[in-house]
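Structure at a glance
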Amino acid sequence: MKKCCFFVFVTLLVARTVTGSDTVAPALERDQKAVYSFEGRFHRYLEVISDRWLKGMRERNPAIVLNYRDRDQVPPRSFDFFAGEFAGKYLTGAVEIYRLTKDQELKQYLEGFVDEFLNYQASNGYFGLYPSDQGYKVSESWDIWGEYHVMLGLLFWYEETRDARALNAARRQADRFCSIYLGKPGELSALRYYYTNFAIAHSLQILYRHSTEQKYMDMARQILDVELQQSGDYMDLLLEGKEFYEIGLIHRESDWIHAARWEAQHILMALAEMYWSTGQEKYKNAFQKGWYSIVKTDRHNTGGVSTNEALIGKPYRPGGIEACATVGWTALTCEMLKLTGSSIAADELEITLLNTMYGYQPLQGGVINFGVPMDGMVTPFMAPAFWQHGDRTGGEELGCCTVNVSRGFGLVSEWAAMRDKEGITLNWYGASEITTMVDGVHVQFKQQTEYPRKGQILLSVNPQEAKQFALKLRVPYWSQRTTVKINGTAQEGVRAGTYLSMDRTWTSGDQVEINLDMSLHYWSGMEEMSGKTSVYRGPVLMCFLGVRNAAMPGFDATDMEPQLVEREGTADPLVRIKVKSSNGTTFLRDLDSATENNQPYITWLEISNAPVTEFSEQNPLRSGRVKASQKKP
Ligand SMILES: [Zn+2]
């Protein structure tokens, strides 16, 4: 855009206020009344994350808060340029875990954490790590990205506890930010790290919702409508039909990897918020184009996103798949689900959780994995050779991913149970009890199942008194043949990749029986994985434990004859199957258990006769099944 009309446009833009009549409700929203009780592996993960990681964080790593206290100390503390994000990422993930567990010990612990942390905001509102009179302007810093995470953490804490001090601290952050950048277009986009800085448009809008302070919305609009065009230009390029990774290529000359680094997913989240605030379709359209582009070109077979920290359009390329990038993808996909109400987004959340997110987090606790590659071995965060080992005195466990992975689990609170005008949407499958309120009536949803080991789920719907509402059940896009019965009566309209809506009067003891299709489905690789194939059983990616060499078995998709191996204890693999192979028989297991003991594994297998299925928005995994007629007798 030429400079002459640029400033006229800005003036018009800032003058336009967002009024209540423009707002659009999300298609689905987090069920804030839901109370969860999980069983099985997910429950164990929540316990480990809560008891062995979140609690005691400050005592084990005092730098997580003292770095803020000591910002004006001379000589200054040494810290990594992104370290200002640690406390905010930690708090955000911790609040989300608390939403799932309602563990009062965790809440008390976080109260203490927040009490102390709030003391260390600078008197001018700054909440970063640089000297308080320098923040944001430090040209080589991710300072504003750090403020974004702090603001998000404080706002999540406020939403959960109504602690007015947290809201006030976020406002003071935003007031300072606006005093520097609002109405001065171009100054923010001129900073080098625009792809992280612009994310603050996301938290500013959440703050606007809670405070109704107009300038926060004006600042967010300035970022999305003006600054974005100066640097990155994400929205217009997506609307023009560019793939997300191409934005990085377009900016290649100066900064190519930066534009499409994974952090830019958080800018897309700001677009979703702006659509809800303004009702303007361009924000929704750009968001959706961005989401579909990433799932098509940068979501790997594991459910992980990014290659060596960027979105590069190479889903088959070997490389590191950073935990933070995948947590960002998870948060982005929650917004996709809320924005569109498409069950396919929930299917994607499940695939990412059960495969790669479980892979990042050790089941026995301890420090998480930075990378879970498609083939090879995990990269433990604390390995001696790992690069994030600057001066970590007093914060030895802190790193961009270690403070973030709990969020990948905590975000289940966004999608497990949701609600819309008609009733309750159930996305979570797994042994659990979820209790919520429908028009003042307690309703319990109790699932008895070994899912994802087995496809049969017995769901009891137990309202306190007879109650009419719609219960929407997720029918995963990979489940080709699904049956649903209510009290023994088969239901019509069960279609893969949609919600089955059952609007009826529910009475306590009603039984819903869901049978998902757990037959193997295949993703035939291309490009770097040409000739190789991934195989899934339900949402679970199966892998071979070992290295790629001449002795590695081959498989025939028409003749695998999978047999589920019984589990002997809770530490056993989540899913293990025995299949026919060139070696006679071979065991395949879930990716999660393959990552547990730092063993080499392979997910792109040598499988002949697998079907080739193109990517589509209805089947982002591009997986298909072998036709019955092709199977060996
Ligand atoms: Zn990271």
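Per chain, residue numbering runs from 1 following the sequence as it is written. Confidence filtering applies because this is a predicted model: local features only for residues at pLDDT of at least 70, side-chain atom pairs given and counted only at 80 or more, and all residues used for totals across whole chains, interfaces and linings. For side-chain calculations, the full set of non-hydrogen atoms in the structure is used, while hydrogens and water are omitted.

We now examine the pairing of strand β7 (residues 423-426). DSSP-based pairing: two strands are paired if at least 2 bridges between them are found. Secondary structure elements follow DSSP: runs of H or I of four or more residues count as helices, runs of E of two or more count as strands, with numbering from the N terminus. Both strand β6 (residues 417-419) and β7 contribute to a ladder of three bridges, which runs antiparallel. Opposite M418, over in β7, you have T425 as the bridge partner. Hairpin connection between β6 and β7: a loop of three residues separates the two successive antiparallel strands. Bridge count between β7 and strand β11 (residues 467-475): four bridges; the pairing is parallel. Bridge pairing in β11 links I424 to L471.

A few words now on the layout of surface pockets. Every definition here rests on a 1 Å grid over the protein atoms only: cavities are sets of points where a 1.4 Å probe fits but cannot get out, pockets are open sets enclosed by protein on both sides within 12 Å along at least five of seven lines, and lining residues have some atom within 4 Å of a point. Grid points are joined across faces, edges and corners, and a volume is the space filled by probe spheres set on the points. In this structure, the largest pocket spans a volume of roughly 700 Å³. Forming the walls of the largest pocket are 31 residues, and the residues nearest its centre are E29, E159, R209, E273 and K338. At the level of secondary structure, the elements contributing two or more residues to the lining of the largest pocket comprise β1 (29-30), α5 (86-101), α7 (143-161), α10 (200-211), α15 (265-278) and α17 (323-340). The element best represented in the lining of the largest pocket is α10, accounting for five residues. Partitioned by chemical class, the residues of the lining of the largest pocket number eleven nonpolar, eight polar and twelve charged. Residue polarity follows a fixed list, in which Ala, Val, Leu, Ile, Met, Phe, Trp, Tyr, Cys and Pro are nonpolar, Asp, Glu, Lys and Arg are charged, and the others, Gly among them, are polar.

Any Lys or Arg side-chain nitrogen found within 4 Å of a carboxyl oxygen on Asp or Glu counts as a salt bridge. One pass over the structure, following the stated rule, counts 41 salt bridges. The salt bridge partner of D51 is K55, with a shortest N-O separation of 2.7 Å. Among the ionic pairs, E450 bridges to R453, the shortest N-O distance being 2.7 Å. Given a relative accessible area of 3%, R453 falls into the buried group. Only protein chains enter the calculation, and the probe is 1.4 Å; a residue is then buried if its accessible area is under 20% of its type maximum, exposed if over 50%, and partly exposed in between.

By this rule, a helix spans an expected 1.5 Å times one less than how many residues it contains. Look at helix α11 (residues 214-230): 24 Å from first C-alpha to last across 17 residues, which is about the 24 Å you get at 1.5 Å a residue. At I223, α11 is deflected by roughly 35°, the largest bend along its length. Extensive coverage of α11 is indicated by the burial of 13 of its 17 residues. Phi for G232, located one or two positions after α11, is positive at around 90°. A residue's bend is simply the angle between two axes: one fitted to the seven residues ending at it, one to the seven starting at it.

Moving on to the sheet that holds strand β8 (residues 432-438). With respect to topology, seven strands assemble into an open sheet ordered β2-β8-β9-β10-β15-β12-β13, the strand pairing being antiparallel. Each edge of the open sheet carries a strand with a single partner, namely β2 (35-38) and β13 (489-490). The pairing of strand β12 (residues 483-486) with β13 spans two bridges and is classified as antiparallel. Looking at the pairing, I486 lines up with T489 of β13.

Glancing now at the packing of aromatic side chains. Pairs of aromatic rings are described using the distance from one ring centre to the other and the angle between the two planes. Only Phe, Tyr and Trp rings are paired, with Trp represented by its six-membered ring, and only when their centres lie within 6.5 Å; those with planes under 30 degrees apart are stacked, over 60 edge-to-face, the remainder tilted. Here the structure, examined in full by the defined rule, presents 37 aromatic pairs. Between the aromatic rings of Y36 and F38, the centroid separation amounts to 5.4 Å while the plane-to-plane angle is 10°, which identifies the pairing as stacked. Grouping residues by exposure puts Y36 and F38 together as buried. Pairwise contacts between aromatic rings join F81, F82, F86, W142, W145, Y148, Y193, Y194, Y195, F198 and W262 into one cluster. Comment: the charge-over-ring label is applied if NZ (Lys) or CZ (Arg) is within 6 Å of the ring centre and within 35 degrees of the ring normal. It is R162 that lies over the ring of Y158; its NZ or CZ is 4.7 Å from the centre.

Don't take any of this as a statement about function, it's just geometry.
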